[in-house]
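Report on the structure
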Amino acid sequence: MMNRRHLLYAGAAAAMLPGSLLAGRASAQGAASEPAFAPTPGAWRNFQVVTRLEILENPGATQAWVPLPAFTAQDWFKPLGNTWTSNAALVESVTDAQGAQMLHVRWSAGETPPVVEVTSRVSTRDRSVDLSKPGTAAPLSAEERAKYLAAADLIPVDGIVKTTSDKITAGKEGDLAKTRAIYEWVVENTFRNAATRGCGTGDVASMLESGTLGGKCADLNALFVGLVRAAGIPARDIYGVRVAPSKFGYKSLGANSDVITKAQHCRAEVYLSGFGWVPTDPADVRKVVLEEPPGKLAIDDGKVKAARAALFGSWEGNWLAYNTAHDVSLPGSSGPKLAFLMYPQAETASGRLDCLDPDTFKYTLRSAELAA
Amino acid sequence: MALLSGAGGAKAVAAQNESRIPLSQSATVVSDPAASPGAASGTGAALLSFSGPAAPSFVLPALDGATVALDAARGRVVLVHVFATWCEPCREELPALSRFALRHADTVTIFAIDVGEVDARVRRFFETLPVSFPVLLDRDRSMMRSWGVSALPTTFVLDAALRPRYRAVGDVAWDEPAADRVIAGLAASPVAVSPEIPAALREPAPAVRPAANAVTGEPPR
């Protein structure tokens, strides 16, 4: 039986051959017959997301935590505030030590059924960074640089992550070339697994040790972030949710209904000297491969090629950003930390509920575009 | 229904960091799969023999509400299997491990330890996949860290003195005779069982850390 690891490195070698390198974004979009995926900064769009959460099981004293959009980037994302209603005894907006903002809600025993509804408004737009010439972005502070190079519980930057990163970036000069090599490697060697629950777990070392490089966005983009950090380049996941369809006609890359309860998605950024934070999303390339109609597209399909070229340096503003935090402690909880906060969470007297189980823990997210 | 409403105003709440048990690198590999006649190979992993000090003890909640201590199994061959329900190789391996547990019920105690998942998710998973061994919950991954586990699934085979004797990283073919031979060999070996030492008097045991990757055979890191 062929060893999965052998497949892994065979794929890596193929990905690093000059002939397999991607053409640039311009050439991928150059032919009129080729599909277009070309996010470009333009008009701002305002969105409202309403998160309604109910605890269905007989709860006793109950707590819940609802993620709030706290991320701010002046050139593409601005939170516009949150409002809420609840039958809870206590509701407060809190931020954990890693920067994840959330609404913390406490219900007394007997307050049945516990309900909270949170309305968040944000303004966002497409992003695109011209990687052909460095700009004048200020360097990260020493503190920020250390933060975005550090390991997280599930994203080590030593051991197999470091050795894999070193193999991928061998012979590459400069952070841009190294980061692009890692991006291409992740696209070539991973796969989106439809059976993965939610957005995945993001246990990077386990993925590499087992050679099973399947999962969803929280797995594949965490792998990308870990490999980039291990190369000494600052990187981060941004956890959020899709709020609108893709205007480029990519069904797989948008929320195609006003109900976005299962549209959570994390993206990734790398910090490149002169360019600043650069948007990337290798996980979405694999999503296009698996899910873009008619499905199971070839890696050289035109739609895949266009998305692959664009998603290193740009992304579409049809998505809300919550936070960039790893290893999140829920204030008021005695339970373990979360690898990331992208889903509503709740605890009853019987313990933490399964945020992916709609039978005992019902929540809905609805999105609407507002007049800008 | 009384409504409470509000807006804006974030308040910073400092999170407390967990204390961590540093990994030790004192254990060493004594053989590779080819040199180990009893080695059991699976679809991606082999049980590799190694030696080291007694494994760090643990006391963990079980899915059925009990509390289970590793020390309680002293005197029997013990198989400590670390997994998660999201891990595809883990899911594939569990039915064969359950059959293996039934075959060796007289000599082997198996602890399957789920890491980092909410109880409700694990409970729901095993409602559709009943197994013949207790499932323990390492909710904060502290056991996983103290044993130096970096990949799932990982399995340790301990002798009757709770010394780790074999380890596999990846899914093992538990239905194959090689796995049975590993257990038979250990069960037949006379092992001096150390008298119980109260935890308060015990030196912290170094983490179990093999010196080679069982999947790739790569050297120690």
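Treat the numbers as computed from the prediction; the structure is a model and nothing was measured.

A look at the overall build of chain B
Within chain B, the regular secondary structure consists of four helices and 11 strands. Looking at chain B residue by residue over its 221 residues, the buried ones come to 43%. Long-range contacts, defined here as pairs at least 24 residues apart, represent 76% of the contacts in chain B between residues at least 6 apart.

Some points on the domain arrangement of chain A
Residues and elements named next belong to chain A. Domain parsing of chain A yields domain 1 (12-125 + 329-370) and domain 2 (128-322). Spacing between the C-alpha centres of domain 1 and domain 2 amounts to 18 Å. Only helix 1 (4-16), helix 2 (25-28), strand 1 (45-55), strand 6 (115-124) and strand 17 (361-370) provide two or more residues apiece to the side of domain 1 that touches domain 2. Examining the composition of the side of domain 1 that touches domain 2, we find that seven residues originate from one element, strand 17, more than from any other. Of the residues assigned to the side of domain 1 that touches domain 2, the class counts are 31 nonpolar, six polar and six charged.

Side note on helix 8 (residues 282-291) of chain A
Residues and elements named next belong to chain A. For helix 8, the tally of buried residues reaches eight of 10 residues, placing the bulk of the element in the interior. When we look at burial in helix 8, the residues that qualify are P282, A283, D284, V285, R286, K287, V288 and V289. Summarising the contacts, the buried residues of helix 8 are in contact with helix 5 (175-189), strand 8 (191-192), helix 7 (217-230), strand 12 (276-280) and helix 9 (302-310).

Description of the nonpolar core
All names here are of chain A. I182, F224 and L341 are the most contacted members of the largest nonpolar core, which totals 162 residues. Take this core: its biggest share by element is 10 residues, from helix 7. Shared between two domains, this core takes at least three residues from each, and those domains are domain 1 (12-125 + 329-370) and domain 2 (128-322). Excluding anything up to four places from it in sequence, L341 contacts P67, A100, M102, Y239, Y322, N323, A325 and V328.

Section: the sheet that holds strand 10 (residues 235-242) of chain A
Residues and elements named next belong to chain A. Within the open sheet, the four strands sit side by side as 12-11-10-14. Their pairing is antiparallel. Strand pairing shows two members of the sheet lacking a second neighbour, strand 12 and strand 14 (319-323), which therefore form its edges. This sheet shows a mean twist of 40° between the axes of neighbouring strands, independent of strand direction. Along the sheet, helix 7 makes contact with strand 10, strand 11 (264-272) and strand 12, crossing strand 11 at roughly 15°.

Side note on the environment of B:L47
Within the secondary structure, B:L47 is located in the loop between strand 3 (28-29) and strand 4 (48-51). Residues B:L47 and B:V157, 110 residues apart in the sequence, show an inter-C-alpha distance of 8.5 Å.

Section: the pairing of strand 10 (residues 154-158) of chain B
Residue and element names in this part refer to chain B. With five of five residues buried, strand 10 is to be regarded as a mostly interior element. With burial as the criterion, each face of strand 10 is covered, one bearing T154, F156 and L158 and the other bearing T155 and V157. In this sheet, strand 11 (residues 164-169) lies alongside strand 10 in antiparallel orientation, the contact comprising five bridges. What sits directly across from F156, in strand 11, is R167. Linking strand 10 to strand 11, which pair antiparallel, is a turn of five residues; within it L162 sits at a positive phi near 65°.

Topic: the confidence of the model for chain B
All names here are of chain B. Averaged over chain B, the pLDDT score is 73; the fraction of residues at 70 or greater is 65%. Looking across chain B, the model is least confident in strand 2 (residues 11-12), with a mean pLDDT of 29, and most confident in strand 9 (residues 135-138), with 98. The low-confidence segment residues 8-42, where pLDDT is below 50, has 84 contacts with residues more than four positions distant or belonging to other chains.

Overview of unusual backbone geometry
Of note, the bond from A:P293 into A:P294 is cis; its omega dihedral lies within 30 degrees of zero at 5°. Among the secondary structure elements, A:P294 is positioned in the loop between helix 8 and helix 9. Cis rather than trans, the peptide bond between B:L152 and B:P153 has omega equal to -10°. Tracing the sequence through the fold places B:P153 in the loop between helix 3 (142-146) and strand 10. Residue A:K296 is not a glycine yet carries a positive backbone phi of 50°. Checked against the element boundaries, A:K296 lands in the loop between helix 8 and helix 9. Its identity is not glycine, yet B:L162 carries a phi of approximately 65°, on the positive side. With respect to the helices and strands, B:L162 occurs in the loop between strand 10 and strand 11.

Cut-off values and rules
Residues numbered from 1 in each chain as written. Chains lettered and ligands numbered in written order. Predicted model: local features only at pLDDT ≥ 70, side-chain atom pairs only at ≥ 80, totals over all residues. Helix = DSSP H or I, 4+ residues; strand = E, 2+ residues; numbered from the N terminus. Buried ≥ 20, exposed ≤ 12 C-beta atoms within 10 Å, placed from the backbone. Contact = placed C-beta atoms within 7 Å. Domains from an automatic or database assignment. Nonpolar A, V, L, I, M, F, W, Y, C, P; charged D, E, K, R; others polar. Core = buried A, V, L, I, M, F, W, Y, C linked by C-beta atoms within 7 Å. Pairing = 2+ DSSP bridges. Axes fitted to C-alpha atoms, helices over the stretch in contact; angles between N-to-C directions. pLDDT = per-residue confidence, 0-100.

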